[in-house]
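Residues per chain are reported as follows:
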Amino acid sequence: MVSTLAIHSVKGRIRYQIEGLYRSRKLADYLQQTLSQQTGIQQVQANALTGNLLVRFDPTRPASEIRSLVEDTLASYQSGKKPTPPDQDQEPPPPATHEETSDWHVLTVETLLQRLGTSQTTGLSAEAVTQSAQQYGWNTFAEAKVREDLEIILEQFNSLPVMLLGVAAGISLVTGGVADALTIAGVVGLNAVIGYVTESQSERIIQSLKSQGKPVAVVIRDGSEETINSGEVVVGDLLILRTGDRVAADSRLLSSDNLQIDESPLTGESLPVTKIATPLEQREVPLAERENMVYRGTLVTGGQGRAVVVATGNQTEIGKIQAMAGEAIVPETPLQRQLDEVGGQLVLIGSVVCALEFGIGVLRGQGWLTMLKSAISLAVASVPEGLPAIATTILALGIQEARRQGVLIRGIDAVESLGSLQTICLDKTGTLTCNQMVVKDVRVGLKGARFEDDRCWHFGDREIAPLHDQEASWLLQVGVLCSETEVTRSGESYTLAGSATENALVQIAIDAGIDPIALRERFPLLTTNARSANHELMSTLHRFGDEKCLVAVKGNPHEIIRRCEYRAQEGEVLPLTKQERRLLENMNQQMAGKALRVLGFAYRMADSGISESEMEEHLVWLGLAGMADPIREGVIDVIARFHSAGIDTVMITGDQGPTAYAIAQELHLGRDGRLEILDSSALGELSSEKLDALANKVDVFARVSPADKLNIVQSLQATGKIVAMTGDGINDSPALKAANVGIAMGKGGADAARETADVILEDNALETTIAAIAQGRAIYSNIRKSLHFLLATNLSELAVMIVGTAAGFAEPLNTMQLLWLNLVTDVFPSLGLALEAPESNILDQPPRDPDEPILSKSDYERIGLEAAVLSVSALGAYGYALTRHGPGPRASTVLFMGLTIAQILNALNARSTQPSLIGGEPRPDNPYFDAAVIGSLALQLLPLFLPPLRQLLKLGPLDPLDTAVIAGCALLSLAVNEGTKTIEFSEAK
């Protein structure tokens, strides 16, 4: 039976990895056609570029039934029992087309060229280029969709509170409340403007980071070498590859001259890969081990070669990855979900209260239109109009602050997700490391050299400049001479162009004081014996004087030790004994155990007539140099800060297990001192359930593919985690998109990574995410404070209105008074609360549980208590006014002023869950909050002095006694609410 592996599953949706689906359009079409006809299946997407099958189905059906259905469909396809025209007999599937072929690496050159219809010497003709483009397409794929202005604007209205306000505004307009409708629309519009401005700015900055210029490719067509736009490359083209070229399309090598390719953008492997042109024996070979294939987007770092294009555009490995990124489902943020839950609860409460208000009023003989307007006013009161604007504004301010720190955030929701982060998956190459090789360890002769200063090395107890030690100096010079790195000088600085390994060797020589240009002029190059798959050495022959030559050799330490007969020591050449050979082998193993790439160095003096076969015999041993991709400065501290903040760190890399393990140890990545590592070779054998269970326990995933990265992120999410993914390569883009927060590098990273990420680090400094996480946590805490304040004040309005109506008063507060009250009390004090300073220990606390509601049961109890105190004190003031003035504008004015000022002062109580006014620790100064409270009080008193506003709100006059009652009502509610908080805090202690 064909293998089906569930790689992501949620209720009503499963994604499978299907064996045989990759590049099989026939199977993809069959799956989509057959499964779509089944009962309960809502949508089927079979992707031949990724080998994934996405099935959306009726959530009431168990996932096991869907899997059985998929397996039965695959079995019917295999057996040939599939629909055929009535006049045709069933036939076995036709042979694989070009699009279904994935065995280019095992074909002979003759078969390869014949299949592609091209020539090894002349390439494609102009007519053949046109035919190939028509059959397989050009070497392009669709640009990533940029969010249009209209799309960003419409997204600002996609929340339940905003929709409720829109409905309320529409009803107000229909029933004649034009002023009410305009007021509500103004609040909604303010929210939309704030969100649009901030998100559109971020989008423009991110788009400006895209790579400029069009890449080119050198091809042979009609027997002539041409330089063309890489988008014009077609299947069958002959590519010429030289050092510094970016590979234009997936290709099979026809010839290779010491060709080395940096495949880190695709595989995550930090070291360049040496390529060969001979066919491989095995068909099932991982991408990173296909030594005779080169892939689009990778870089030639050394040597040269010629290859024939086998896939272009969407059929390339990069195209496959982009398709995976397009399939990735962007998760909803916890705050979105929780605010929607609160909004749903408010809809239910508001609907019940509005219906109750309307029913009681009509039963008491009030006109239905009057009561309908009153019910609409209550609907508006039940929805915290300020919440969307407040949440949007504070998250937008978070984006602005992050931008000042070099963190570009594409969407407002990403700020909140950063604050709730529980696990961060870290791509190694380019994120944790610098994606460049440097010499980390040197062993000169039989000694170990430790260098903390490039010009001052330590040989045991001696401290000496390497140029003053003859063996060390010769080792450095051999590293420069036996190298294809091109060196140019500008003033005092050098520019190096070559493989990462050879660049590192030349750079350490420069740092020690050697001028590589002058050295090469002193020892002119005569011959190069290049490294190859079967020859793990490189040797160069240089003129040394009139009749002598110098042979410089570097390569596999084991091979060089085997070929050495002598060793250099203090200017003398001594025989190399068997015991000393064993010592050198042990040195090599010790350095390799540190995950270093180790090279051995040797030389010999020879006559000018030496043959190429003799160049690597009778060598004199010089020493070893170990290289590694260094960890970025400050990353170890960043990992420690992640751990102190309760955030789990997981490293995902294409490197081999030992290399990944050594780097993880250096980073102190393990949890509680333990370090768990899993090789990707085991991932394919795991079910989605087993991978989900393992994901929470593994610290390092090694040898991973882009699909593996995506599966790892989705498995962590399946356990309920809020997950971030960092990366800079094309191979990271699917996982970046699927993560709750995708974090990409802004400098040197791939466009595909930036286009799918939520967060871009402009300066590639991972430590800036720490500040963003702290800010996100503070924002969430402050939004909770604002929500707490808004619910308490709005519930008090509902209580006052329903009690007043039940007591026989049609409109204790009229529609305009309710709208004014909400505008004054909801927006400005809440914004002041949203700008509260974060607690000093915010990064010493564990991240919040995303499944916990934004407000707990105890929060609701506290909200209910505060609302009751506010409404009782306001109703007490209203009772006084009714007794003294009777029903009418004066009594309504006392209630309106008393309730509004009490709500504004209650913001002082909402600044902290602990007592801060009566005992306890006072909150830090917040000038924004102070201004908001003072401004709101001034705004509330303004109608008393402006007749037009007084008339709009239908306010009556106030005398000194009324004023005293209003002040007493407001201060009493504040004192009671703060006092109960002090009591609760004391009992808790």
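Note that the structure is predicted; figures quoted are calculated from it, not measured.

**Here we look at the overall build of the protein chain**
Along the backbone of the protein chain there are 33 helices and 32 strands. Counting the 989 residues in the protein chain, one finds 55% classified as buried. Considering only contacts in the protein chain between residues 6 or more positions apart, those separated by 24 or more positions represent 71%. Of the accessible surface of the protein chain, which amounts to about 41,900 Å², a share of 54% is contributed by carbon and sulfur atoms.

**A closer look at the packing of aromatic side chains**
One pass over the structure, following the stated rule, counts 3 aromatic pairs. Relative to tyrosine 603, the ring of tryptophan 474 has its centre 5.3 Å away and its plane inclined at 15°; by these criteria the two rings are stacked. Here the residue tryptophan 474 occupies a position in helix H15 (residues 470–481), and tyrosine 603 occupies one in strand S25 (residues 597–607), the gap between them amounting to 129 residues. When its relative accessible area of 11% is taken as the criterion, tyrosine 603 is described as buried.

**Examining the pairing of strand S4 (residues 52–57)**
With respect to burial, S4 is a largely interior element, 5 of its 6 residues being buried. Of the strand pairs in this sheet, strand S2 (residues 13–18) and S4 are connected by 5 bridges, and their pairing is antiparallel. Looking at the pairing, tyrosine 16 lines up with leucine 53 of S4. Two strands pair when backbone bridges link them, and strand S3 (residues 41–47) and S4 are joined in this way by 6 bridges, in the antiparallel orientation. In the sheet register, isoleucine 41 faces S4, and the bridge partner there is phenylalanine 57.

**A look at the sheet that holds strand S29 (residues 700–702)**
The sheet built from 8 strands is open, its strands ordered S12-S32-S31-S30-S13-S27-S29-S28 with mixed pairing. Sheet topology places strand S12 (407–409) and strand S28 (677–679) at the edges, where each strand pairs with a single neighbour. Averaged over all pairs of adjacent strands, the angle between strand axes in this sheet comes to 20°, irrespective of strand direction.

**Here's the deal with the environment of glycine 419**
Assignment of secondary structure puts glycine 419 in helix H13 (residues 412–419). The spatial distance from the C-alpha of glycine 419 to the C-alpha of arginine 848 is 8.7 Å, given a sequence separation of 429 residues. Setting aside residues no more than four positions away along its own chain, glycine 419 makes contact with Ile773, Gly776 and Arg777.

**Description of the pairing of strand S13 (residues 423–427)**
On a regular strand, one side chain projects to one face of the sheet and the next to the other, so that they alternate. Where burial is concerned, most of S13 is hidden: 5 out of the 5 residues are buried. With 5 bridges connecting them, S13 and strand S27 (residues 648–652) associate as parallel partners. Within S27, the residue paired with leucine 426 across the bridge is methionine 651.

**A short note on unusual backbone geometry**
One non-glycine residue with positive phi stands out, namely histidine 618, at about 55°. Along the polypeptide, histidine 618 turns up in the loop between S25 and strand S26 (619–628). Overall, histidine 618 belongs to the partly exposed group, its relative accessible area being 39%.

**A word on the pattern of salt bridges**
According to the stated counting rule, one finds 22 salt bridges in the structure shown. Aspartate 959 serves as the salt-bridge partner of arginine 884, at 2.7 Å between the closest nitrogen and oxygen. Of this pair, arginine 884 sits in helix H29 (residues 857–885) while aspartate 959 sits in the loop between helix H32 (947–953) and helix H33 (960–988); the two residues are 75 residues apart in sequence, bridging distant segments of the chain. Of the residues examined, arginine 884 reaches a relative accessible area of 40% and is grouped as partly exposed. The partner of aspartate 962 in a salt bridge is arginine 890, and the shortest N-O contact between them spans 3.4 Å. With a gap of 72 residues between them, aspartate 962 in helix H33 and arginine 890 in helix H30 (residues 889–910) connect regions that are remote in the sequence. We classify arginine 890 as partly exposed; its relative accessible area is 27%. Residues participating in the shared-partner salt-bridge network are Glu559, Arg562, Arg563 and Glu616.

**Comments concerning H29**
An α-helical segment advances 3.6 residues per turn. Residues three or four places apart therefore align on the same side. For H29, which comprises 29 residues, the first-to-last C-alpha distance of 41 Å matches the rise-based estimate of 42 Å (1.5 Å per residue) to within 8%. Phi turns positive, to about 75°, at glycine 886, one or two residues after H29.

**Quick notes on the nonpolar core**
Grouped together as the largest cluster of nonpolar side chains are 52 residues, with contacts concentrated most on Ile409, Phe642, Met651 and Val759. Ranked by residues supplied to this core, first place goes to helix H26 (residues 768–806) with 11 residues. For valine 759, the residues in contact, after removing those within four places along its chain, are Val407, Leu408, Ile409, Ala414, Leu418, Val741, Gly742, Ile743 and Ala744. In this structure, Met801, Leu899, Ile904 and Leu955 belong to the second largest nonpolar core, which totals 39 residues.

**Quick notes on the confidence of the model for the protein chain**
Of the residues in the protein chain, 79% reach a pLDDT of 70 or more, and the chain-wide mean stands at 80. Segment residues 82–101 is flagged for pLDDT under 50; beyond a separation of four residues in sequence, or across chains, it makes 26 contacts in the model.

**Looking at helix H19 (residues 578–592)**
Under the 1.5 Å per step criterion, the end-to-end length of H19 is 21 Å for 15 residues, consistent within 8% with the ideal 21 Å. Buried within H19 are the following residues: Glu580, Leu584, Glu585, Met587, Asn588 and Met591. The buried residues of H19 occupy an angular sector of 155° when the element is viewed end-on, so they sit on one face. Exposed side of H19, more than 90 degrees from the buried face: Lys578, Gln579, Arg582 and Gln589 are the residues found there. Residues of H19 that are buried sit in contact with strand S14 (438–444), helix H18 (557–563), strand S23 (564–569), strand S24 (572–575), S25 and S26.

**Focus: the environment of alanine 834**
Within the element layout of this structure, alanine 834 appears in helix H28 (residues 828–834). Classification of alanine 834 as buried rests on a relative accessible area of 2%. Remark: the alpha-carbon pair of alanine 834 and arginine 911, spanning 77 residues in sequence, is separated by 9.4 Å.

**A closer look at a nonpolar patch on the surface**
There is a patch of nonpolar side chains on the surface, built from Leu173, Val178 and Leu182 and spanning about 300 Å² of accessible area. Note on placement: leucine 173 falls in helix H6 (residues 160–174). By relative accessible area, leucine 173 is classed as exposed at 51%.

**With respect to a negative patch on the surface**
A cluster of acidic residues, Glu633, Asp637, Glu762, Asp763 and Glu767, forms a negative patch on the protein surface. Tracing the backbone shows aspartate 637 in helix H20 (residues 635–644). Judged by its relative accessible area of 54%, aspartate 637 is exposed.

**Things to note about the side chain of lysine 275**
Structurally, lysine 275 can be placed in the loop between strand S9 (273–274) and strand S10 (293–294). Classification of lysine 275 as buried rests on a relative accessible area of 3%. A polar contact of 3.1 Å, which involves the side chain of lysine 275, links it to the backbone oxygen of arginine 290. Residue contacts for lysine 275: discarding those within four places in its chain leaves Leu253, Ser256, Leu259, Ile261, Glu263, Arg290, Glu291, Met293 and Val294.

**Some remarks on the packing of H26 against H30**
One can describe the packing of H26 onto H30 by two numbers: an axis separation of 10 Å at closest approach and a directional angle of 155°. On the basis of their axis angle, the class for H26 and H30 is roughly antiparallel. The element H26 and its partner H30 pack so that their crossing is right-handed. On H30, the residues touching Lys785, Phe789, Ala792, Thr793, Ser796, Glu797 and Val800 of H26 are Leu895, Leu899, Gln903, Asn906, Ala907 and Ala910. Grouping the constituent residues of the contact of H26 with H30 by class yields 7 nonpolar, 4 polar and 2 charged.

**Digging into the environment of isoleucine 854**
Along the polypeptide, isoleucine 854 turns up in the loop between H28 and H29. The buried category is assigned to isoleucine 854, whose relative accessible area is 2%. Sequence-wise, isoleucine 854 and leucine 787 are 67 residues apart; in three dimensions their C-alpha atoms are separated by 9.0 Å.

Calculation rules
- Sequence order sets the numbering: in each chain, residues are counted from 1 along the sequence as written.
- Totals for whole chains, interfaces and linings use every residue, but because this is a predicted model, local features are given only for residues with pLDDT of at least 70 and side-chain atom pairs only at 80 or more, for both listing and counting.
- As a convention, hydrogens and water are excluded, and side-chain values are obtained from all of the structure's heavy atoms.
- Comment: elements are numbered from the N terminus, with helices defined as DSSP H or I runs of at least four residues and strands as E runs of at least two.
- When accessible area is computed with a 1.4 Å probe and restricted to protein chains, residues below 20% of their type maximum are described as buried, those above 50% as exposed, and intermediate ones as partly exposed.
- Contacts are assigned to residue pairs that have any heavy atoms within 4.5 Å of one another.
- Every accessible area reported is derived by Shrake-Rupley at a probe size of 1.4 Å, with residue values counting cover from the shown protein chains alone.
- Only centres within 6.5 Å qualify two rings of Phe, Tyr or Trp (six-membered ring in Trp) as a pair; their planes then separate them into stacked at under 30 degrees, edge-to-face at over 60, and tilted for everything else.
- The pairing criterion is simple: DSSP has to find at least two bridges between the two strands.
- Fitted lines through C-alpha atoms give the axes, limited to the stretch in contact for helices. The angle between two N-to-C directions lies from 0 to 180 degrees.
- Put simply, a salt bridge is a Lys or Arg side-chain nitrogen that is within 4 Å of an Asp or Glu carboxyl oxygen.
- Helix span, expected: 1.5 Å multiplied by one less than the number of residues in the helix.
- Here the nonpolar core consists of buried residues drawn from Ala, Val, Leu, Ile, Met, Phe, Trp, Tyr and Cys, with membership extended through side-chain atoms lying within 4.5 Å.
- pLDDT is defined as a per-residue confidence score from the predictor, taking values between 0 and 100.
- The arc in question is formed by the directions pointing from the helix axis toward the C-beta atoms.
- Patches here: salt-bridge-free residues with over 30% relative accessible area, like charges joined within 9 Å, nonpolar side chains (Val, Leu, Ile, Met, Phe, Trp, Tyr) joined within 5 Å.
- Lys and Arg are tallied as positive, Asp and Glu as negative. Neither His nor the chain termini are counted.
- Every charge is mapped onto a representative atom, which is NZ of Lys, CZ of Arg, CG of Asp or CD of Glu.
- N or O atoms within 3.5 Å of each other form a polar contact, as long as, within protein, one can give a hydrogen and the other can take it, and as long as residues adjacent in sequence are counted only when both atoms are side-chain atoms.
- Relative orientations are named as follows: roughly parallel for angles under 35 degrees, roughly antiparallel for angles over 145 degrees, roughly perpendicular for angles from 65 to 115 degrees, and oblique for any other angle.
- Each helix crossing is assigned a hand: it is left-handed if the near helix lies turned anticlockwise from the far helix by less than a right angle, otherwise right-handed if that turn is clockwise.
- Nonpolar residues are Ala, Val, Leu, Ile, Met, Phe, Trp, Tyr, Cys and Pro. Charged residues are Asp, Glu, Lys and Arg, and all others, Gly as well, are polar.

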